[in-house]
Amino acid sequence: MSVVYNPYVFETQHNPYPVYARLRDEEPVYYNPDLDFWALSRYADVLAAHKDPVTFDNGHGVTLEGGEAGQDLLITKDPPVHDWHRKVVSRVFTPRRVNGLEPFMRAECARLLDPYVGSSGFDVVEQFSIQLPLAVIGELLGIPESQRQEVHHLADRLFTRGDDGTVSEDAATAMLEMGLLLYGIVVDRRDHLGDDVISLLISSEVTDDDGNGWYLTDEELATRVLELAFAGHETVARLVANGVVALSWYPDQRAELAADPGLLPNAVEEMLRWDAPSHYQGRWTTTDVTLHDTTIPADSRVVLITGAANHDERVYADPELFDLHRKIDTTVSFGYGVHFCLGASLARLETRVAFDEFLHRFPEYGIDESGVERMRSSNVRGLAKLPITLP
Ligand code: HEM
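Small disclaimer: the values here were computed from a predicted structure and weren't measured.

K.L.:
Which parts of the structure should I look at to understand the overall build of the chain?
P.N.:
Secondary structure assignment for the chain yields 16 helices and 14 strands. Its C-alpha radius of gyration of 21 Å places the chain within 12% of the 21 Å reference for a compact globule of 391 residues. A burial count over the chain gives 55% of its 391 residues as buried. Considering only contacts in the chain between residues 6 or more positions apart, those separated by 24 or more positions represent 70%. Total accessible area computed for the chain in this model is approximately 16400 Å², and 54% of it derives from carbon and sulfur atoms. Side chains of the chain carry 33 positive and 63 negative charges; the gap between the two charge centres is 3 Å.

K.L.:
I keep staring at the sheet that holds strand β10 (residues 301-304) and nothing clicks. Help me out?
P.N.:
Strands pair in a sheet through their backbones, by hydrogen bonds, and they do so in one of two ways: parallel or antiparallel. Reading across the sheet, the five strands line up as β1-β2-β10-β7-β3 and stay open at both edges, with mixed pairing between neighbours. Each edge of the sheet is formed by a strand with only one pairing partner; in this case those strands are β1 (29-32) and β3 (56-57). When strand β7 (residues 281-285) meets β10, the two strands line up antiparallel, connected through four bridges. Its bridge partner being in β10, Gln281 is matched across the sheet by Leu304.

K.L.:
Hey, could you run me through empty space enclosed by the protein in this one?
P.N.:
Take a probe with the size of a water molecule and roll it over the atoms, and the empty space left behind shows itself. A complete count under the given rule lists three cavities of 30 Å³ or more for this structure. Looking at the largest cavity, its volume works out to about 120 Å³. In terms of lining residues, the largest cavity is bounded by 16 residues, among which Pro7, Gln13, His279, Ser377 and Ser378 are the most central. Its residues assigned to classes, the lining of the largest cavity shows seven nonpolar, seven polar and two charged.

K.L.:
Looking at this model, I keep getting lost on the environment of Ser377. Mind explaining?
P.N.:
Along the polypeptide, Ser377 turns up in the loop between β12 (373-374) and β13 (383-385). In the structure, Ser377 is positioned 197 residues away from Leu180 in sequence and 24 Å away in space, judged by C-alpha atoms. Side-chain polar atoms of Ser377 contact the side chain of Asn379, separated by 3.3 Å.

K.L.:
What exactly am I supposed to notice about the layout of surface pockets here?
P.N.:
Estimates place the volume of the second largest pocket at around 470 Å³. Together, 19 residues line the second largest pocket, and His14, Val245, Trp249, Arg374 and Arg381 are the ones closest to its centre. Listing elements by their share of the lining of the second largest pocket, those giving two or more residues are α1 (10-14) and α12 (218-249). It is α12 that contributes the most residues to the lining of the second largest pocket, four residues altogether. Looking at the lining of the second largest pocket residue by residue, the classes come out as nine nonpolar, five polar and five charged.

K.L.:
In this structure, what is going on with the coordination of the iron atom of the ligand? I would like to understand it.
P.N.:
Think of it this way: four donors in a tetrahedron around the metal ideally sit 109.5 degrees apart, and six in an octahedron ideally sit 90 or 180 degrees apart. Counting protein donors to the iron atom of the ligand gives just one, Cys341 (SG), placed at 2.3 Å. Positionally, Cys341 belongs in the loop between α15 (306-309) and α16 (344-361).

K.L.:
What am I meant to see in the site of the ligand here?
P.N.:
In the vicinity of the ligand lie 30 residues, with His82, Arg86, Arg283, His339 and Cys341 positioned nearest. Taking Arg283, its side chain carries an N or O atom lying 2.7 Å from an oxygen atom of the ligand. Of all elements in the fold, only α4 (81-92), α12, β7 and α16 reach the threshold of two or more residues within the shell around the ligand. For the shell around the ligand, a count of residues per class yields 17 nonpolar, 11 polar and two charged.

K.L.:
How do you make sense of a negative patch on the surface when you look at a structure like this?
P.N.:
Together, Asp252, Glu256, Asp260, Asp318 and Asp323 line one region of the surface with negative charge. Looking at the secondary structure, you find Asp260 in the loop between α13 (251-259) and α14 (264-274).

K.L.:
Even after reading the chapter, I still don't get the sheet that holds strand β14 (residues 387-389), so can you show me in this structure?
P.N.:
What the three strands build is an open sheet, ordered β4-β14-β11; its pairing is antiparallel. In this open sheet, the two strands that pair with only one neighbour each are β4 (121-123) and β11 (366-367). Bridging between β11 and β14 involves two bridges; their strand directions are antiparallel. In the sheet register, Gly366 faces β14, and the bridge partner there is Thr389.

K.L.:
Looking at this structure, how should I read the packing of aromatic side chains?
P.N.:
How two aromatic rings sit relative to each other is set out by the distance from centre to centre and by the angle between their planes. Following the criterion strictly, the structure yields 19 aromatic pairs and no others. With a centroid separation of 5.6 Å and an interplanar angle of 85°, the aromatic rings of Tyr17 and Tyr20 are classed as edge-to-face. With Tyr17 and Tyr20 both in helix α2 (residues 17-26), this residue pair falls three residues apart, about one helical turn. With a centroid separation of 5.4 Å and an interplanar angle of 55°, the aromatic rings of Phe122 and Phe362 are classed as tilted. Of this pair, Phe122 sits in strand β4 while Phe362 sits in the loop between α16 and β11, placing them 240 residues apart in sequence.

Basis of the calculations
- Residues numbered from 1 in each chain as written.
- Predicted model: local features only at pLDDT ≥ 70, side-chain atom pairs only at ≥ 80, totals over all residues.
- Heavy atoms only, no water.
- Helix = DSSP H or I, 4+ residues; strand = E, 2+ residues; numbered from the N terminus.
- Rg over C-alpha atoms; globule rule 2.2 N^0.38 Å.
- Buried < 20%, exposed > 50% of the residue type's maximum accessible area, 1.4 Å probe, protein only.
- Contact = heavy atoms within 4.5 Å.
- Areas by Shrake-Rupley, 256 points an atom, 1.4 Å probe, with all protein chains shown as cover.
- Lys, Arg positive; Asp, Glu negative; His and termini not counted.
- Charge placed at Lys NZ, Arg CZ, Asp CG, Glu CD.
- Pairing = 2+ DSSP bridges.
- 1 Å grid on protein atoms, 1.4 Å probe; cavity = no way out; pocket = protein on both sides within 12 Å on 5 of 7 lines; lining within 4 Å.
- Points joined across faces, edges and corners; volume = space filled by probe spheres on them.
- Nonpolar A, V, L, I, M, F, W, Y, C, P; charged D, E, K, R; others polar.
- Polar contact = N/O pair within 3.5 Å; in protein donor to acceptor, adjacent residues only side chain to side chain.
- Donors = N, O, S within 2.8 Å, 3.2 Å for Na, K, Ca; no water.
- Near = heavy atom within 4 Å.
- Patch = residues over 30% accessible without salt bridge, like charges linked within 9 Å, V, L, I, M, F, W, Y side chains within 5 Å.
- Salt bridge = Lys/Arg side-chain N within 4 Å of Asp/Glu carboxyl O.
- Phe/Tyr/Trp six-rings, centres within 6.5 Å; stacked < 30°, edge-to-face > 60°.

In structure tokens, the structure reads:
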């Protein structure tokens, strides 16, 4: 029987890895006629597509449904316009600014986790993995504390898709509400500039290749902030929870990590590989592409399945196993090339700190399987609820 890959089907979202193995082996250039999309699943093919943004463009959106096409986001811009705008945002994500957040991250971990020391358990997603990145991105961007929960609830509503991938009316409303909320913050910030990213974006000039410069309008600033707020909190939240699951499946490695925080950087890379939170990247072909004797016509939706590439045995030995000592020389977990994740170093630091602080307090825990819930999303892979039990 030929393989069927439909990222909207809940069983596939629950455990996509057997389908991915078949895609890589049997149909590395897969076509789904019902949903009219193509999928690349081998690491080498995914990487090559990332390296060729002219043939595989982002302008038609980066999800299967492509709903973000035409929105004023970095991720949906193609070079050269993309590069002019990306330069401005990269300028404010300096290593100094990112590393300077570590004390704030540790204080937030203490605030979030200390109340559960000595307790019988808590929900890792709701009480910790969502809250930490929300506070961090809020602090970095300059979203007032009183509005951070609202950002989170709106983001949750926004990402939810129906079984057929359609954007619900509620998700569309949430998008509008989010835009308005952030627009309000931007307008207010113009009168109270500070040292936060919103203030820096307000006062940064965008310049094109001919040296012409201009400032972003309030609407443009609001969408830039929206993109960063989203990207900066949903993915880290899911990565941390996916990592908590991984370590519960491998208690020996959990004990090793708790005893030696020096292993954390590599463990985070393995968490990103083992269960990638940003699970596929959508593209659009601008010309015919022939790969493995199959031609993907121009103007086709293609998904680059990061989660499948990360489990490609052609690159990673025993890919289904979690191994915190695994040597990872190459990764597409944060994308690659012109759209490489702007927040990768922030995400890595945040996840290291999260596990350092978490395992320091809770070196042993179990998972209450009856309360685990997976979020419904075709491209963000992670849990909505992860209750843990403490000894
Ligand atoms: C574990 C956490 C994260 C993961 C797995 C992740 C993953 C990714 C991936 C795969 C891409 C490339 C998308 C594509 O090529 O279509 C990307 C782009 C991006 N990420 Fe992240 N990300 C994470 C955290 C963050 C954080 C913390 C921020 C910001 C604070 C951020 C901001 C962005 C932005 C702005 C882009 C678009 C860059 C561009 O188009 O030039 N991400 N991310």
